[in-house]
Structures are given as C-alpha cells and as structure tokens.
Amino acid sequence: MAAAKTSYKFTFGPWNISTGRDPFGPEVRKELAFAAKLREYKKLGFDGVQFHDDDAVSPDLIDGDPAAIEKAATKMKKILDGEGLFCEFVAPRLWEHPKTIDGGYTSNSVSDRKYAIERSKRAIDIANVLGTKDIVLWLAREGTYIREAKDPMASIGRIVDAVNAMLDYDKTIRILGEMKPNEPMDQAYLPTPGHWLGLTYRTNEPSRVGVLIESAHSILAGLDPSDDMAYVLWHGKLWSVHLNDQNGLKYDQDKVFGSVDLRRAFNTVWVLERGGFNGCVGLDVKAMRSTKPGDQTKHLSNSRQMFLRMLEVARSVDAEKVEAFRAERDYEGLEMYVLQKLMGK
Ligand code: GLO
Ligand code: MG
C-alpha cells in the first residue's frame, strides 16, 4: 500500500451553490454571481474549482469562434489566480444543448455527434488556458429511455471513438470518466466505474484515461463506493472523487458526505487513505431546498468537515488490531471495534 497522504486538496463546482430549483418547483434562492461564488471557496476551506466548459466561458460563446473562447478563458484564469484558486478539471456539458437531446457521442444524428466531439475539443482548449490537464466526462445522456432507441454496440464504439479523438487532439490531456447508472436517462450505457474502466483499456492511450468516482452514483447502482474506489485504485486509475451521500435508490440526492451512512463514509475515507489516493477531494453536494440564502454554502463546509473528521477516525484505526481480528476470524469483534471508533471511543 502507498504511504498515507498528509493533506488533501478540496474542490467543488460552481453548480454546488445553487438556487434550489427542482423538477417540482422554481428557484428559492437567487443565483449567486460567478465571481461571488469564487470568493466563497477559500473562506470555506477549498483550494480549487471544477468547471463545466460553459461555467468557464459564457454559454453564448461556447459554440462560436475558438479565439473568443480562449480569450474568455484567459479572463477566467486571471480571476482564479486573483483568488488563489486552481482549476481541477473542465467537463464539456453535453446534456443541455439542443444538439445533445439524443445524447452527445451516442446520438443517432451524425451532425450532433460531430457537435459533441467539437465541443469536447473546445473544452480541452479551455482546460489548457485554465492550467489543468484533466477533462471529466459525465456521460449524462449516453444511454436511452427505451432500449430499442439506439444500437448498443455501435454506441460503445462511438464513445471509444470520441475518447480517442480527444486523446489525439491533445497529447497531454487526461480523460476521467464519471459514470452514473441513471438520471437523466433511464439506463446508461456505462453505468458503473467498472464498465468505464474496461473501456479505458481499449482506447488508443489507456495510461491517459482514468476514473472519477462519485459516491452517490455507486450507491444508485447498488454498489459500495469504497469497493468501487478500491477496485479503481488497484488499477492506478482513481484520479478524482465526488464525495457525497445518498439515501437509497431514488433520484440523485447529493447529500452531505457521511450524512446518511457514517460507516460507508468511514470505509470511503479509509480506502482512499490506504490506497494512496492523490487526486483532489471533490464534494459534489447540493443544499436542501429549504435552506435559507444565508446558509447556502453550509453543505460544502459541512462535507469537508465530515471528510476531515473521518480522516481522524481512519487514522486512529490500529492496523495491528484489525489484523488480529482478521486472523481470529473475529469479525463480530472487528465490527464492534469500528462501531466504537465511529462513536468516538
Ligand atoms: C451529476 C454529476 C455532475 C457532474 C458534473 C461534472 O449527477 O455528478 O454533477 O459531476 O457535471 O461533470
Ligand atoms: Mg458528480
């Protein structure tokens, strides 16, 4: 096992400070201006920012002249520098535009597929200006509402082709797949980190294709996030995480890290520590809709605090004791040892 890290870097995306709009009701808080959001990061104990392409560059410019995109990204980089923040990654937002209604890389429309790839290349340009090498692909609409809608085998090939096109476009970027089993689609083509991982080895440059794992997404797939993370760590491909929590199999909740299941959070942090994870700790969490505007960043600082507190717990685990319980096959004893730790004993 790699040596434990002494410190972690914390990041989140501007979408994690939100208006409370949901499918059943409108905004309950005013949208905070982007610059005002950025001013919150350091105050909350965060070091870096995760961007969608059209967070970094206004959505009006995103389909236009590449030079104008670069100019806007340069402006954003100055603002970031001014705040002492770094950009962790850029993710092309391939799920809101009219040309991505049927998916990005797997759309049945040739011209829409082209759009998705061109837009991904622009996201790489933006990443270069913002000083990051990491591109995240959350494949939101690469799936179907009805299974007959698309050719499933052709779809997998199209995703690989798109990844290869990005790897070819820039020989230094890395691509991180963030998989989710459902929502917005009924079923995704690559529902879990394991599915994506298999595909990384069939790309033109596997060493530049890795994984971002989000806790809630693993839980939605009926899997344990720490097991997913351990599997990908073993492959040396866990390059980022989105920690949060999820209360069972329902819509993607993005609850505060550890707020539903403390033991699951413990296992997540314990695995990251022991596995020598050295990516950023991203907290992809949402405030409750009932949250008052003055409290709209509490879920972020609370999640960070939960991670740090869990880190103390994980670091206080006596590895020899754990081994002794294992050697005796005394898992009842081991379980009680962990539960006592979680209760502060
Ligand atoms: C949604 C995803 C989303 C991504 C973000 C970055 O379920 O978790 O928040 O993490 O768009 O690609
Ligand atoms: Mg996420």
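Here is what the cut-offs are and how they apply
Within each chain, residues carry numbers counting from 1 in the order of the written sequence. Chain letters and ligand numbers both follow the written order, the letters beginning at A and the numbers at 1. With the structure being a predicted model, the display of local features is reserved for residues of pLDDT at least 70 and the display and counting of side-chain atom pairs for 80 or more, all residues being used for whole-chain, interface and lining totals. To obtain the side-chain values, all non-hydrogen atoms of the structure were used and water was disregarded. Coordination partners: N, O, S within 2.8 Å of the metal, 3.2 Å for Na, K and Ca; water not considered, so apparent gaps in a site are possible. Labels for metal geometry use angle windows, namely 85 to 135 degrees for all angles of a four-donor tetrahedral site, and for square planar (four donors) or octahedral (six donors) sites opposite donors over 155 degrees apart plus all others within 65 to 115; sites meeting none of these are irregular. The way it works is that DSSP assigns letters per residue, a run of H or I at least four long becomes a helix, a run of E at least two long becomes a strand, and they are numbered from the N terminus. When a residue's accessible area, from a 1.4 Å probe over protein chains only, is under 20% of the maximum for its type it is buried; when over 50% it is exposed; and in between it is partly exposed. Buried Ala, Val, Leu, Ile, Met, Phe, Trp, Tyr and Cys residues form a nonpolar core when they are joined through side-chain atoms within 4.5 Å. In this analysis, two residues are considered to be in contact whenever any of their non-hydrogen atoms come within 4.5 Å of each other. Cavities and pockets are defined on a 1 Å grid built over the protein atoms alone: a cavity is a set of grid points where a 1.4 Å probe fits but cannot escape, while a pocket is an open set with protein on both sides within 12 Å along at least five of seven lines, and lining residues are those with an atom within 4 Å of any such point. Grid points are joined across faces, edges and corners, and a volume is the space filled by probe spheres set on the points. When residue character is reported, Ala, Val, Leu, Ile, Met, Phe, Trp, Tyr, Cys and Pro are called nonpolar, Asp, Glu, Lys and Arg charged, and the others, Gly included, polar.

Participant: Mind showing me how you'd approach the coordination of the magnesium ion (ligand 2) here?
Facilitator: Four donors placed tetrahedrally around a metal ideally meet at 109.5 degrees, and six donors placed octahedrally ideally meet at 90 or 180 degrees. Distances from the magnesium ion (ligand 2) to its protein donors, E178 (OE), E214 (OE), H242 (ND1) and D284 (OD), fall within 1.9 to 2.2 Å. Coordination at the magnesium ion (ligand 2) comes from 6 donor atoms whose angles at the metal span 81 to 172°, giving a geometry best classed as octahedral. Coordination of the magnesium ion (ligand 2) draws on donor residues from a single chain, spaced E-x35-E-x27-H-x41-D in sequence. Taken together, the residues E178 in strand β6 (residues 174-178) and H242 in strand β9 (residues 238-243) connect sequence positions 64 residues apart. Both residues of the pair, E178 and H242, belong to the buried class.

Participant: How do you make sense of the nonpolar core when you look at a structure like this?
Facilitator: For soluble globular proteins, nonpolar side chains are generally found buried alongside one another. Membership of the largest hydrophobic core comes to 79 residues, with the highest contact counts inside it found for W196 and F307. For this core, the leading source of residues is helix α4 (residues 110-130), giving 7 residues. If we skip the residues at most four places from it in the chain, W196 touches L137, L139, I159, V163, I175, G177, M179, L190, V209, G210 and V211.

Participant: I would appreciate a short explanation of empty space enclosed by the protein in the present structure.
Facilitator: Once rolled over the atoms, a probe with the size of a water molecule shows which space is left empty. Per the stated rule, a full pass over the model turns up 3 cavities of 30 Å³ or more. Taken as a whole, the largest cavity encloses approximately 100 Å³ of empty space. If you go around the largest cavity, you meet 15 residues; those closest to its centre are W138, L139, A140, K180 and A188. In terms of residue class, the lining of the largest cavity is made up of 10 nonpolar, 1 polar and 4 charged. Quantified by volume, the second largest cavity comes out at close to 40 Å³. Lining the second largest cavity are S215, I219, P225, N244, D245, F257, G258, D261, R264, A265 and T268. Of all the secondary structure elements, the ones that give two or more residues to the lining of the second largest cavity are α7 (215-220) and α9 (262-274). Looking at the lining of the second largest cavity, the element that brings in the most residues is α9, giving 3 residues.

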